[in-house]
Amino acid sequence: MIAMARPLLGAEEERLVLEVLRSGQLAAGPKVARLEAAFARCCGVPYAVMTSSGTAALQAAAAALGLRPGDKVFTTPFTFAATTNALLAVGAVPVFVDIDPLTLNLDPGALERACREHPDAVAVLVVHLYGLPAAMPEIASVARRHGLLVLEDCAQAHGAAIGERRVGSFGDAGAFSFYATKNMTTGEGGAVVTADRELAGRVRAFIDHGQRERYRHETLGYNLRMGELQAALGLAQLARLGEMNARRRENAAYYDRHIDNPHVEKPVAPPGYRHVYHQYTLRVEDREGFRRQLAQRGVSSAVHYPALVPEQPYFRRLGLPVLGGPWPVAAAAARRVVSIPVHPGLTPEERETVAAAVNAYRPRAGG
């Protein structure tokens, strides 16, 4: 079976991890500091703070931005639950805004309408879904008009850009994940990036028990730090990020050229947008039939995401308010999206097999 994900780990990762093990320095130390400096340069911002996960990065950024209980924050309903959970963790109230039918990212026009309906909102949390940047120039313009803070969820978009500007550099802060299947990995891990020195300091305190000086706890904080072993992996992976993203883009370009099944809708990036294809996500009507036919030909697939966040059981069980909506575009996407392998470890033969399997798909009668 052709796998959906296959992390590329090699000799440099092994060398740097062994270096850490032999040093005896396992908690955050010089390799974390090196990774922070290198990742900040990669994103085109002055500051990066490494965290224990992408979710930790989102929560730390939300807290550092000063989001408080009851604050309304606009965000997308079509994302992984961690995006919304970071808001709930600081007591903020998500206001869900529909997505653009082409990009599946937050729709700037819908955001503008939501701002008029909720003039007391204080921020917008944008997701760069599947590796495609959201419409940040337009979203930032709406945010400026309405006095909104901007937090970018870049968990799937390492190295993605609009023109020469990288995601994570458009808002007040950006949060990344380095989970095992991401475009670069530390196994588990994350980062907050920002151009604001004071905000970076607040993030650093939040992930270290509220300390700016040892045993001087200025704010509420937690242990959400990255360790040296994770940073060692990250340094090796970051050095290869450009190469690995190039392979993803080559695989995606192959699919763009060779998939021609009229029953399948391929992803599209607007001109000037650098998509880094964390996922190559198709849209089909008979999704389960499509997946069965791919599996019969030895091709894995995955659905990200089959249900909208505000429709998740915990919203009902906890009695959480569901603001915003309706979300017809997001609901349609949740019914139709399905991703195929695009990772940098694909061989040319595997890539051909995937494209052939997609082209061979035929919907069931009446589907």
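As a starting point, this report considers the structure included with it.

About the cut-offs
- Residues numbered from 1 in each chain as written.
- Predicted model: local features only at pLDDT ≥ 70, side-chain atom pairs only at ≥ 80, totals over all residues.
- Heavy atoms only, no water.
- Phe/Tyr/Trp six-rings, centres within 6.5 Å; stacked < 30°, edge-to-face > 60°.
- Helix = DSSP H or I, 4+ residues; strand = E, 2+ residues; numbered from the N terminus.
- Buried < 20%, exposed > 50% of the residue type's maximum accessible area, 1.4 Å probe, protein only.
- Lys NZ or Arg CZ within 6 Å of the ring centre and 35° of its normal.
- Salt bridge = Lys/Arg side-chain N within 4 Å of Asp/Glu carboxyl O.
- 1 Å grid on protein atoms, 1.4 Å probe; cavity = no way out; pocket = protein on both sides within 12 Å on 5 of 7 lines; lining within 4 Å.
- Points joined across faces, edges and corners; volume = space filled by probe spheres on them.
- Nonpolar A, V, L, I, M, F, W, Y, C, P; charged D, E, K, R; others polar.
- Pairing = 2+ DSSP bridges.
- Right-handed = clockwise from strand over helix to strand, strands pointing away.
- Contact = heavy atoms within 4.5 Å.
- Polar contact = N/O pair within 3.5 Å; in protein donor to acceptor, adjacent residues only side chain to side chain.

**Notes on the packing of aromatic side chains**
Next up, step 1: A full pass over the atoms with the stated rule returns 13 aromatic pairs.
Next up, step 2: Where phenylalanine 80 meets tyrosine 305, the ring centres are 6.2 Å apart and the plane angle is 35°; that geometry is what we call tilted. Separated by 225 residues along the polypeptide, phenylalanine 80 in the loop between strand S2 (72-75) and helix H4 (81-89) and tyrosine 305 in the loop between helix H9 (287-296) and helix H10 (313-317) bring together distant segments of the chain.
Next up, step 3: Judged by relative accessible area, which is 13%, tyrosine 305 ranks as buried.
Next up, step 4: Centroid distance phenylalanine 206 to tyrosine 222: 5.4 Å. Interplanar angle 70°. Geometry classified as edge-to-face. One end of the pair, phenylalanine 206, is in helix H7 (residues 197-206); the other, tyrosine 222, is in the loop between strand S11 (216-217) and helix H8 (228-258), and 16 residues separate them in sequence.
Next up, step 5: Here the guanidinium or amino end of arginine 165 rests over the ring plane of phenylalanine 170, the centre of that ring lying 4.5 Å away.
Next up, step 6: Residue placement shows arginine 351 over the ring face of tyrosine 254; its charged tip is 4.5 Å from the ring centre.

**Some words on the pattern of salt bridges**
Next up, step 1: What the rule picks out here adds up to 19 salt bridges.
Next up, step 2: Residues glutamate 350 and arginine 6 are paired through a salt bridge, measuring 3.2 Å at the closest nitrogen-oxygen approach. Placement of the pair is glutamate 350 in helix H12 (residues 348-360) and arginine 6 in the segment before helix H1 (11-23), with a sequence separation of 344 residues.
Next up, step 3: One salt bridge in this structure joins arginine 116 and glutamate 112, with 3.6 Å as the shortest N-O distance. With arginine 116 and glutamate 112 both in helix H5 (residues 108-117) and 4 residues apart, the pair spans about one turn of that helix.
Next up, step 4: Arginine 116 gets classed as exposed once you look at its relative accessible area, which sits at 55%.
Next up, step 5: Taken together, the shared-partner salt bridges in this structure form one network comprising Glu198, Arg202, Arg212, Arg216 and Glu218.

**Regarding the layout of surface pockets**
To find leftover empty space, a probe the size of one water molecule is rolled over the atoms.
Next up, step 1: The computed volume of the largest pocket comes to approximately 560 Å³.
Next up, step 2: In terms of lining, the largest pocket is formed by 28 residues, of which the most central are Gln156, Tyr179, Lys182, His278 and Tyr305.
Next up, step 3: Among the secondary structure elements, those contributing two or more residues to the lining of the largest pocket are helix H3 (54-64) and H4.
Next up, step 4: Take the lining of the largest pocket: its biggest share by element is 3 residues, from H3.
Next up, step 5: Split into classes, the residues belonging to the lining of the largest pocket amount to 12 nonpolar, 12 polar and 4 charged.
Next up, step 6: Taken as a whole, the second largest pocket spans an internal volume of roughly 380 Å³.
Next up, step 7: If you go around the second largest pocket, you meet 19 residues; those closest to its centre are Ala28, Arg204, Asp208, Gln211 and Arg225.
Next up, step 8: Where the lining of the second largest pocket is concerned, the elements lending two or more residues are helix H2 (30-43), H7 and strand S10 (211-213).
Next up, step 9: By residue class, the composition of the lining of the second largest pocket is 8 nonpolar, 4 polar and 7 charged.

**What to know about unusual backbone geometry**
Next up, step 1: The omega torsion across histidine 304 and tyrosine 305 is 20°, close enough to zero to call that bond cis.
Next up, step 2: The omega angle of the peptide bond from glycine 325 to proline 326 is 0°, so this bond is cis rather than trans.
Next up, step 3: Mapped onto the fold, proline 326 is located in the loop between strand S14 (323-324) and helix H11 (328-336).
Next up, step 4: Even without being glycine, tyrosine 130 reaches a positive phi, approximately 65°.

**Focus on the pairing of strand S5 (residues 149-153)**
Next up, step 1: Of all 5 residues in S5, 4 are buried; the element is thus mostly enclosed.
Next up, step 2: Looking at chain direction, strand S4 (residues 123-127) and S5 are connected through 5 bridges and run parallel. Across the sheet, valine 124 pairs through a bridge with valine 150, a residue of S5.
Next up, step 3: Remark: the S4/helix H6 (residues 136-146)/S5 crossover connection has right-handed handedness.

**Let's talk about the environment of glycine 227**
Next up, step 1: The topology assignment puts glycine 227 in the loop between S11 and H8.
Next up, step 2: Exposure remark for glycine 227: the relative accessible area of 14% places this residue in the buried category.
Next up, step 3: In the structure, glycine 227 is positioned 177 residues away from methionine 50 in sequence and 8.9 Å away in space, judged by C-alpha atoms.

**Brief notes about H5**
Next up, step 1: Inspection of H5 places Pro108, Ala110, Leu111, Glu112, Ala114 and Cys115 among the buried residues, and these make up the whole buried set.
Next up, step 2: Each element contacted by the buried residues of H5 is listed here: S2, S4 and H6.
Next up, step 3: Capping of H5 at its N-terminal end is provided by aspartate 107; its side-chain oxygen lies 2.9 Å from the backbone amide nitrogen of glycine 109.

**Quick look at the sheet that holds strand S7 (residues 165-166)**
Next up, step 1: One open sheet holds the 3 strands; their spatial order is S7-S6-S12, and the pairing between them is antiparallel. Both outer strands of the open sheet, S7 and strand S12 (273-274), are each paired with one neighbouring strand and no more.
Next up, step 2: Here strand S6 (residues 161-162) runs beside S12; their pairing, made up of 2 bridges, is antiparallel. Along S12, the bridge assignment pairs alanine 161 with arginine 274.

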